[in-house]
Amino acid sequence: MSETPPRVDVVMTTIGDGAPFLSAYRDLLGRTGAAERVRIVVVPDRKTPASLFENVAIARRAGLDVVCPTVAEQDAMLAALGAPTLVPYDSDNRRNVGYLMSWQSDADFLISVDDDNFPVDDRFLDAHAVVAAGPRPARVVSAGSGWWNPCDQLTVGPMPVYPRGFPYAHRTPTPTTDRTETVDVRVNAGLWLGDPDVDAITRIAVRPDVAAMPAPAAVCDADTWAPVNSQNTAVHRDALPAYYFPRMGYRHHGQEIDRYADIFSGYFVQACAKHLGHAVRFGDPLAMHVRNEHLLLRDLQQELTAIALLEDVLAWLPGCKLDGDTYGEAYLSLSYQLQDAVEAMSGRLWTHELRGFVHQMAHLMRQWVGVLQRCHGTGRASA
């Protein structure tokens, strides 16, 4: 790590009043003395109560550097960038506004968090700063199947689980090896205590609970993959052009496709990182996940099509050969190859509707890169 500590944006969306997470980060920054290099970026939506802005004002008076643009201010920013319809209302897609704000800032990396995930200890920022530390020795894991389960690092009851987005075709024990190697981490996926990030199928059937993470953090080998979510994940600013949060809400057989945007974004940035010789790390820092209230059967309905789609996309993705020397170039290459690949995918799942969903996603991926290229401000890395 450089002598000057990296600057960080902590990005989250919320339709709550913000009091719990603003208090948690104010306390964390006060204890660690990191307030001068950390900015909290809170992105509200039309459903967000006015009390959020009141709590933001309280946090500012207490010394927290926090920005919270109104929906009107967000719309004005997007319009100025030539993308007034890029981010829909009433959607977790609003997270992209925070990513854009970080791209325009002088932050060295951002931490994407959910508003119900809270730092467990004072190493939260330092552990995530591995994405800005440059090449460092790390534990590298290689799985015989090409798929490694990060939840194997956790103590989970009542039984082991797989994270949301892990392909069902590979949910079986697989031999792994590990070694120490120097790697350049650009994405760091922190794990959780309490309620782990599993899919609705698992949550309904198992109700898992995480007590500890006894294993050391690990990096996936070049031939090994694992899902990355947006609950507690750090991304180097250079990788932001490949970290667009895809639009959900498309309908397939009348059923809304949702709740997997971050899984798609995590796999896509991972593909670009592997192409560029960078690494994705899993483990610390932990976040305590005090999960917001959900209707689990509704979650299940929204996840099912994405789960099925991913089985085919993830059978293709590891063999995809990207082009380009930057994350933006690699991401554009991926977008074109993705839309071509789904045209060849067959089976009852692959209707014109579902191909339309993927084509829309690929189009928006390219639009995202174009928006970042048009951004003014400090944007120090080429998209």
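As shown above, the structure is provided for reference.
So, here is what we can say about the structure in this document. (Residues numbered from 1 in each chain as written. Predicted model: local features only at pLDDT ≥ 70, side-chain atom pairs only at ≥ 80, totals over all residues. Heavy atoms only, no water.)

Moving on: empty space enclosed by the protein. Any empty space left between atoms is shown by rolling a water-sized probe over those atoms. Here the structure, examined in full by the defined rule, presents three cavities of 30 Å³ or more. Counted as a void, the largest cavity has a volume near 60 Å³. Taken together, Pro150, Pro163, Arg164, Ala189, Gly190, Leu191, Trp192, Asp197, Pro227, Val228, Asn229 and Phe282 make up the full set of residues lining the largest cavity. Ranked by residue count, the leading element in the lining of the largest cavity is strand 9 (residues 185–194), at four residues. Taken together, the residues of the lining of the largest cavity sort by class into eight nonpolar, two polar and two charged. Estimates place the volume of the second largest cavity at around 40 Å³. What lines the second largest cavity is Gly165, Phe166, Pro167, Tyr168, Arg171, Asp199, Tyr260, Ile307, Leu310 and Glu311. Grouping the amino acids of the lining of the second largest cavity by side-chain chemistry returns six nonpolar, one polar and three charged. (1 Å grid on protein atoms, 1.4 Å probe; cavity = no way out; pocket = protein on both sides within 12 Å on 5 of 7 lines; lining within 4 Å. Points joined across faces, edges and corners; volume = space filled by probe spheres on them. Helix = DSSP H or I, 4+ residues; strand = E, 2+ residues; numbered from the N terminus. Nonpolar A, V, L, I, M, F, W, Y, C, P; charged D, E, K, R; others polar.)

Considering only enclosed or pocket space, the largest pocket measures out at about 1100 Å³ in volume. Along the walls of the largest pocket sit 37 residues, with Ile15, Asp92, Asp258, Arg259 and His294 positioned nearest its centre. Of all elements in the fold, only strand 1 (8–14), helix 7 (261–275) and helix 8 (296–316) reach the threshold of two or more residues within the lining of the largest pocket. Of the residues belonging to the lining of the largest pocket, the class tally is seven nonpolar, eleven polar and 19 charged. Of all the secondary-structure elements, those providing two or more residues to the lining of the second largest pocket are strand 8 (176–183), strand 11 (218–220), helix 7 and strand 15 (279–289). Considering only residue class, the lining of the second largest pocket consists of 13 nonpolar, five polar and six charged.

Here helix 2 (residues 51–61) has its buried residues at Leu52, Asn55, Val56 and Ala59. Buried residues of helix 2, seen end-on, are gathered within an arc of 105° and therefore sit on one face of the element. Of the residues in helix 2, the exposed ones pointing more than 90 degrees away from the buried face are Glu54 and Arg61. Buried-residue contacts for helix 2 involve strand 1, helix 1 (19–32), strand 2 (38–44) and strand 3 (66–67). Where helix 2 terminates, the next one or two residues include Gly63, which has phi positive at roughly 105°. (Buried < 20%, exposed > 50% of the residue type's maximum accessible area, 1.4 Å probe, protein only. Arc of directions from axis to C-beta. Contact = heavy atoms within 4.5 Å.)

Further remarks concern the packing of helix 7 against helix 9 (residues 327–344). It is the contact of helix 7 with helix 9, at a shortest axis distance of 9 Å, that shows an interaxial angle of 120°. The angle between the axes of helix 7 and helix 9 places the two elements in the oblique class. Crossing angle aside, the handedness with which helix 7 passes helix 9 is right-handed. Between helix 7, through Phe268, Val269, Cys272, Ala273 and His275, and helix 9, the contact on the second element is made entirely by Tyr327, Ala330, Tyr331, Leu334 and Leu338. (Axes fitted to C-alpha atoms, helices over the stretch in contact; angles between N-to-C directions. Parallel < 35°, antiparallel > 145°, perpendicular 65-115°, else oblique. Left-handed = near helix turned anticlockwise from the far one by under 90°.)

This paragraph deals with the pattern of salt bridges. Applying the stated rule across the entire model yields 21 salt bridges. Here Asp262 ties to Arg164 by a salt bridge, and the two come within 2.7 Å at their closest N and O atoms. In this pair, Asp262 is assigned in helix 7 and Arg164 in the loop between strand 7 (155–157) and strand 8, connecting sequence segments 98 residues apart. The buried category is assigned to Arg164, whose relative accessible area is 5%. One salt bridge connects Arg259 with Asp299, and the closest N-O pair in it is separated by 3.7 Å. Here Arg259 is found in the loop between strand 14 (255–256) and helix 7, whereas its partner Asp299 is found in helix 8, with 40 residues between them in sequence. Here Arg259 and Asp299 have matching classes, each one buried. Connected through salt bridges with shared partners, the residues Arg259, Arg291, Asp299 and Glu303 form a single ionic network. (Salt bridge = Lys/Arg side-chain N within 4 Å of Asp/Glu carboxyl O.)

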